[in-house]
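Listed below, chain by chain, are the residues.
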Amino acid sequence: MIIWINGAFGSGKTTLVAELHRRLPDALVLDPEHVGFLLREIVEVPGGDFQNIPLWRRQVASLAQGLAEEYGRPVLAPMTVVRRQYADEIFGALEKAGVPVRHFFLDVSAAVLEQRLHERVLMPDDPERDEAARRWGKARIAECVAAVGSLREDTVVLDGELPTAELAALVLERAGLA
């Protein structure tokens, strides 16, 4: 089973996956960004977003499928995917392969996202890259907030402003792992 935690940059995806992993220590954590970072070193990235690379979407689905099938453990994936077409490609490939996907979206207000991103430090040793990452996330707030209206029908939308422990309990319950 794939437990995909979606939401805007700053919505708490990585924090929630860390809590889920603490509660499910045998689960595997797949950060699809790493696939994008690898591809970015090899090929040109259309529009500066590696999600625009069709190979990224295929590789993420393939890797998630492989991990679930090979190791038979839940796979936790924190990743913002707000373009419906891209979500359909990734989740559709997994469904076609018979890999169950539980898709959760952390719904957080634009004001809270702005504040969280303002306070977030990802690369303390590289202030320029850190600021660039904050700008990237902030520039996508509107798109991510608006995505709630066009998510896949099987998406479970959660109040991303709830405490992480509560969110983890909800995810585990909805995924049948409580």
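Residues numbered from 1 in each chain as written. Predicted model: local features only at pLDDT ≥ 70, side-chain atom pairs only at ≥ 80, totals over all residues. Heavy atoms only, no water.

Engineer: Explain the overall build of the chain to me, please; I cannot follow it from the model alone.
Structural biologist: Along its length, the chain carries 8 helices and 5 strands. Reading the chain from its N terminus to its C terminus gives the helix and strand order β-α-β-α-α-β-α-β-α-α-α-β-α. Against the 2.2 N^0.38 benchmark of 16 Å for 178 residues, the chain shows a C-alpha radius of gyration of 16 Å, consistent with a compact globule. Taking the principal axes of its C-alpha atoms as reference, the chain extends roughly 40 × 40 × 35 Å. (Helix = DSSP H or I, 4+ residues; strand = E, 2+ residues; numbered from the N terminus. Rg over C-alpha atoms; globule rule 2.2 N^0.38 Å.)

Engineer: Would you mind going over the pairing of strand 1 (residues 2-7) with me for this structure?
Structural biologist: Within a regular beta strand, the side chains point alternately toward one face of the sheet and then the other, so they alternate between its two faces. Counted residue by residue, strand 1 has 6 buried out of 6 residues, so it is predominantly covered. The two faces of strand 1 match: Ile 2, Trp 4 and Asn 6 on one face and Ile 3, Ile 5 and Gly 7 on the other face are all buried. Note that strand 1 and strand 3 (residues 75-78) share 4 bridges and pair parallel. Residue pairing for strand 3: Ile 3 is matched across the bridge by Leu 76. (Buried < 20%, exposed > 50% of the residue type's maximum accessible area, 1.4 Å probe, protein only. Pairing = 2+ DSSP bridges.)

Engineer: What is the right way to look at the nonpolar core in this model?
Structural biologist: Proteins that are soluble and globular tend to have nonpolar side chains buried together. Counting residues in hydrophobic clusters, the biggest one holds 26 residues, and the most contacted among them are Ile 2, Trp 4, Trp 56, Ile 90 and Leu 94. Within the residue set of this core, elements represented by two or more residues are strand 1, helix 2 (32-42), helix 3 (54-71), strand 3 and helix 4 (84-96). For this core, the leading source of residues is helix 3, giving 6 residues. The contacts of Trp 56, once residues within four sequence positions are left out, are Pro 32, Val 35, Gly 36, Leu 39, Phe 50, Gln 51, Met 79, Val 81 and Ile 90. (Core = buried A, V, L, I, M, F, W, Y, C linked by side-chain atoms within 4.5 Å. Contact = heavy atoms within 4.5 Å.)

Engineer: What's the story with the layout of surface pockets in this structure? I'm lost.
Structural biologist: To find leftover empty space, a probe the size of one water molecule is rolled over the atoms. Estimated volume of the largest pocket: approximately 1100 Å³. Phe 9, Glu 33, Arg 120, Leu 122 and Trp 136 are, among the 40 residues lining the largest pocket, the residues nearest its centre. Sort the elements by how many residues they give to the lining of the largest pocket and helix 6 (residues 127-139) lands first, with 5 residues. Of the residues in the lining of the largest pocket, the class split is 17 nonpolar, 11 polar and 12 charged. (1 Å grid on protein atoms, 1.4 Å probe; cavity = no way out; pocket = protein on both sides within 12 Å on 5 of 7 lines; lining within 4 Å. Points joined across faces, edges and corners; volume = space filled by probe spheres on them. Nonpolar A, V, L, I, M, F, W, Y, C, P; charged D, E, K, R; others polar.)

Engineer: Would you mind going over the pattern of salt bridges with me for this structure?
Structural biologist: For side chains of opposite charge, pairing can occur when their charged atoms come near one another. If you walk through the whole model with that rule in mind, you get 13 salt bridges. A salt bridge links Arg 22 to Glu 19; its shortest N-O distance comes to 2.7 Å. Here Arg 22 pairs with Glu 19, and both are found in helix 1 (residues 13-23), just 3 residues apart, close to one helical turn. Owing to a relative accessible area of 58%, Arg 22 belongs among the exposed residues under this scheme. Notably, a salt bridge pairs Asp 49 with Arg 83, separated by 3.5 Å at the nearest N-O pair. Linking Asp 49 in the loop between helix 2 and helix 3 with Arg 83 in the loop between strand 3 and helix 4, this pair joins segments that are 34 residues apart in sequence. Within the structure, one salt-bridge network assembled from shared partners comprises Arg 84, Asp 88, Glu 95, Arg 152, Glu 153 and Asp 154. (Salt bridge = Lys/Arg side-chain N within 4 Å of Asp/Glu carboxyl O.)

Engineer: Where do I start with empty space enclosed by the protein in this structure?
Structural biologist: For the structure shown, the criterion picks out 1 cavity of 30 Å³ or more. Empty space within the largest cavity amounts to approximately 40 Å³. Lining the largest cavity are Asn 6, Val 81, Val 82, Arg 83, Arg 84, Ala 87, His 103, Ser 150, Leu 151 and Arg 152.

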